[in-house]
Amino acid sequence: VESPGTGKLTREKIAELRVWRVPKRFSAFVEQVVRGVISDTTPRDLSAIACDVAGGMVLQLFFILIPRFGENARDVYFEYVEALLQRSDEQIYNRQFRRFASSKTGSRLVENLLNTAPPDLIDDLFRQRFRGNFEKLIEHDTSNFVVQELLANLTAEGQFRTAFQELEPTLVPERFARRTGVFAAVCVCAVRFRALEQEITRLILKAISCENEPKAFAERLLQYGVQGAVVLQETLQFGNNANKVAVDSILAQSREKLEMWAKDATASRALEVMLESSVESSAKRRLISKLIPSACDLAVHPVGS
């Protein structure tokens with residue numbers, strides 16, 4: 001392909017080829033493969049493939065490819081969803097969803113579905129398959145990840161409030177250690193919609209047994225590893241003064257403890273979030289003043305730097 005006047009392949013022309021001509025050809029191939037699978041595979045066999053380690057990966061890939069290519073993407077996408085879940089039959093729809101959600105491979109298929117679904121499909125799945133079933137789903141070792149993916153892809157604050165209303169009684173202290181990821185997903189959703197932040201702060205305080213010692217909030221959460229750190233990071237970003245518990249619990253730590261956290265790959269991220277977030281400047285200055293004496297040591301540390 002030559003550009004006018006020069007006869008050379010320009011960067012602009014290369015970019016045009018990459019974003020238009022290659023996908024346009026590839027989209028026809030993707031559509032042909034997906035529709036071939038739908039027409040040549042029985043629902044029973046397709047269900048079995050979805051829960052197979054190797055076959056499931058291929059079906060998961062379709063959810064990633066279909067929305068990105070082709071003028072018929074939406075039609076092909078919904079034909080594919082119907083072939084997998086058979087939404088036209090309520091009993092089969094329910095059975096298929098439960099089977100996939102409770103399977104290690106099938107749950108990844110549902111996660112990819114939730115991650116690529118348009119808002120109307122998210123709403124249908126939320127109303128038909130999740131409402132009334134949250135406790136069962138989060139109790140299962142596999143389907144709790146499906147709940148986390150749903151929360152990450154909710155499209156409206158009203159959906160989140162409805163979900164939280166049902167989730168709140170199930171997020172009890174004895175579940176925190178086993179389902180920290182669900183708590184983290186709730187916090188991420190609260191930040192995204194700027195909703196229920198005070199209620200979630202109280203829920204977490206109770207879940208980690210810090211109601212009477214809120215200054216232990218940060219230290220207690222960091223004991224739960226990466227997901228506990230995510231909960232701390234998200235609560236630091238809460239608005240309407242709902243982040244006060246998280247902020248005060250960090251500032252309550254000794255200089256030595258903060259230096260140790262600054263050198264830890266997980267805990268240091270919480271300190272970074274506090275400095276980068278909308279936390280009051282006075283609180284940020286207090287944190288910096290505690291870290292300044294350790295500045296040289298932190299500067300030469302792989303994480304602290």
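Thresholds, definitions, all that
Residues numbered from 1 in each chain as written. Predicted model: local features only at pLDDT ≥ 70, side-chain atom pairs only at ≥ 80, totals over all residues. Heavy atoms only, no water. Helix = DSSP H or I, 4+ residues; strand = E, 2+ residues; numbered from the N terminus. Expected span 1.5 Å × (residues − 1). Buried < 20%, exposed > 50% of the residue type's maximum accessible area, 1.4 Å probe, protein only. Polar contact = N/O pair within 3.5 Å; in protein donor to acceptor, adjacent residues only side chain to side chain. Phe/Tyr/Trp six-rings, centres within 6.5 Å; stacked < 30°, edge-to-face > 60°. Salt bridge = Lys/Arg side-chain N within 4 Å of Asp/Glu carboxyl O. Axes fitted to C-alpha atoms, helices over the stretch in contact; angles between N-to-C directions. Parallel < 35°, antiparallel > 145°, perpendicular 65-115°, else oblique. Contact = heavy atoms within 4.5 Å. Nonpolar A, V, L, I, M, F, W, Y, C, P; charged D, E, K, R; others polar.

1. Comments concerning helix α3 (residues 53–65)
- In a regular helix each residue adds 1.5 Å, so 13 residues correspond to 18 Å; α3 covers 19 Å between its end C-alpha atoms and thus fits that length.
- Within α3, the full set of buried residues consists of G55, G56, L59, Q60, F62, F63 and L65.
- A side-chain oxygen of the first residue of α3 lies 3.1 Å from the backbone nitrogen of A54; this N-cap is D52.

2. Topic: the packing of aromatic side chains
- What the rule picks out here adds up to 11 aromatic pairs.
- Ring geometry for F62 against Y80: centres 5.6 Å apart, planes inclined by 70 degrees, an arrangement best described as edge-to-face. With F62 in helix α3 and Y80 in helix α4 (residues 73–85), this residue pair connects regions lying 18 residues apart in the sequence.
- For F62, a relative accessible area of 7% translates into the label buried.
- On the basis of relative accessible area, Y80 is assigned to the buried category, the value being 0%.

3. Concerning the pattern of salt bridges
- Summed over all chains, the structure comprises 20 salt bridges.
- A salt bridge links D123 to R127, with the shortest nitrogen-to-oxygen separation between them at 2.9 Å. Here R127 and D123 lie together in helix α7 (residues 119–130), a separation of 4 residues that amounts to about one turn.
- For R127, a relative accessible area of 40% puts it in the partly exposed group.
- Across the pair R220 and E213 runs a salt bridge, and its minimum N-O distance is 3.0 Å.
- For E213, a relative accessible area of 41% corresponds to the partly exposed category.
- Through salt bridges with shared partners, a single network forms among E135, E139, R175 and R178.

4. Considering the packing of helix α15 (residues 225–236) against helix α18 (residues 267–276)
- For the pair α15 and α18, interaxial distance at closest approach is 9 Å and the crossing angle is 10 degrees. Taken together, the axes of α15 and α18 are roughly parallel relative to one another. Between α15 and α18, the residues in contact are L232, Q233 and L236 and R269, A270, V273 and M274, respectively.
- Tallied by class, the residues present in the contact of α15 with α18 amount to 5 nonpolar, 1 polar and 1 charged.

Read these as geometric descriptors, not functional statements.
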